[in-house]
Amino acid sequence: MSQVQLGDIRMAVELKGDAGMPLVLLHGFPLDHDMWRHQIDALSARVQVIAPDLRGFGQSDVGSGPVTMERMADDIGALLDGLGVSEPVVLAGFSMGGYVAFQFCKRFPDRVRGLILCDTRAVADSPEAAAGRAQTAAKVLEHGAGVTAEAMLPKMFGPGTAAANPELVAQTRAMMLACPPAGIAAALHAMAARSDARALLPTLRVPCLVLVGEHDPISSAAEMREIAEAIHGADYHVVPEAGHLAPMEKPAEVNAAIERFIAGLPAVG
């Protein structure tokens, strides 16, 4: 892992592959960059993979002041500057990473060559959902990361995954438990306050791939289809037998979809 100083934080980032277009992988909640492990290892043979720990997660500092999706998007812009990446990137956002990706597209449209939205949502939280996140944030600060781990794990996987692949479940639990409580709480407040991204979707003018696990209970296949239909020319792909954590549950399927998408991108310039 490399460390890049970005204003008030040090951001940890894994860099792999030294040829091809830059691919930025934004992880979900409450995880870190390693949720993309299968993609990092497989795709780095043809692209430059940039996989950061978002502010407050993994080995990245949470910093001072409120965390917002906009601030996380600005972090990615600053990270690319710090790494000397000036060409447009392919941006992949999973779940919370998708919320960050929406804001990055709004703030830095000229820096996006292609967009991959994976198991995410465009709609904002309802008042009830936002209040629930605030309550969970308070519990996490009092009792630790286990609060979110036990709440989120049952929603992560497709039917049969837990029995067929207990090692994956244990790996995911460990990743969640390693998240700093302050980062979890800050992100919960940020997600609760995030803006609705549905109006952004028709304005996107870059190639887009929308990926979703067939049995995702958080970002349903039907909801993700609506996102794809709102984006001009977007490709829509359902990952069979996967739940919310499609990149970890069915890496070969996800990798193949991403590789096809990247191969079809038009040349820059």
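Fair warning: this is a prediction, and the values are worked out from it, not measured in the lab.

For any two helices packed against each other, one specifies the inter-axial angle together with the distance between the axes. Contact geometry of helix α4 (residues 127–143) with helix α8 (residues 181–192) gives a least axis separation of 9 Å together with a crossing angle of 170°. On the basis of their axis angle, the class for α4 and α8 is roughly antiparallel. Only Pro 181, Ala 182, Ile 184, Ala 185, Leu 188, His 189, Met 191 and Ala 192 of α8 make contact with α4, whose side of the interface consists of Ala 130, Arg 133, Ala 134, Thr 136, Ala 137, Val 140 and Leu 141. By residue class, the composition of the contact of α4 with α8 is 12 nonpolar, two polar and one charged.

With that settled, the discussion passes to the environment of Ser 219. On the secondary structure map, Ser 219 appears in the loop between β7 (208–213) and α9 (221–230). The buried category is assigned to Ser 219, whose relative accessible area is 1%. On a C-alpha basis, the gap between Ser 219 and Cys 118 in space is 9.0 Å, while along the polypeptide they are 101 residues apart. The contact partners of Ser 219, leaving out residues within four places of it in the chain, are Asp 119, Thr 120, Arg 121, Val 212, Met 224 and His 244.

To continue, consider the pairing of strand β4 (residues 48–52). The side chains of a regular strand alternate, first on one face of the sheet and then on the other. Among the five residues in β4, four count as buried, and that is most of the element. In this structure, strand β2 (residues 9–16) lies alongside β4, joined through four bridges in antiparallel fashion. Considered in β4, the bridge of Leu 15 is made with Ile 50. Read as a crossover between parallel neighbours, the route from strand β3 (residues 22–26) over helix α1 (residues 37–43) to β4 is right-handed.

In this model, helix α7 (residues 166–177) (12 residues) spans 16 Å end to end at C-alpha, consistent with the 16 Å of a helix rising 1.5 Å per residue. By the burial criterion, the buried members of α7 are Leu 168, Val 169, Thr 172, Met 175 and Met 176. Relative to the axis of α7, the buried residues are bounded by an arc of 125° and lie together on one face. Among the exposed residues of α7, those pointing more than 90 degrees away from its buried face are Pro 166 and Glu 167.

Scoring rules and cut-offs
- Residues numbered from 1 in each chain as written.
- Predicted model: local features only at pLDDT ≥ 70, side-chain atom pairs only at ≥ 80, totals over all residues.
- Heavy atoms only, no water.
- Axes fitted to C-alpha atoms, helices over the stretch in contact; angles between N-to-C directions.
- Helix = DSSP H or I, 4+ residues; strand = E, 2+ residues; numbered from the N terminus.
- Parallel < 35°, antiparallel > 145°, perpendicular 65-115°, else oblique.
- Contact = heavy atoms within 4.5 Å.
- Nonpolar A, V, L, I, M, F, W, Y, C, P; charged D, E, K, R; others polar.
- Buried < 20%, exposed > 50% of the residue type's maximum accessible area, 1.4 Å probe, protein only.
- Pairing = 2+ DSSP bridges.
- Right-handed = clockwise from strand over helix to strand, strands pointing away.
- Expected span 1.5 Å × (residues − 1).
- Arc of directions from axis to C-beta.

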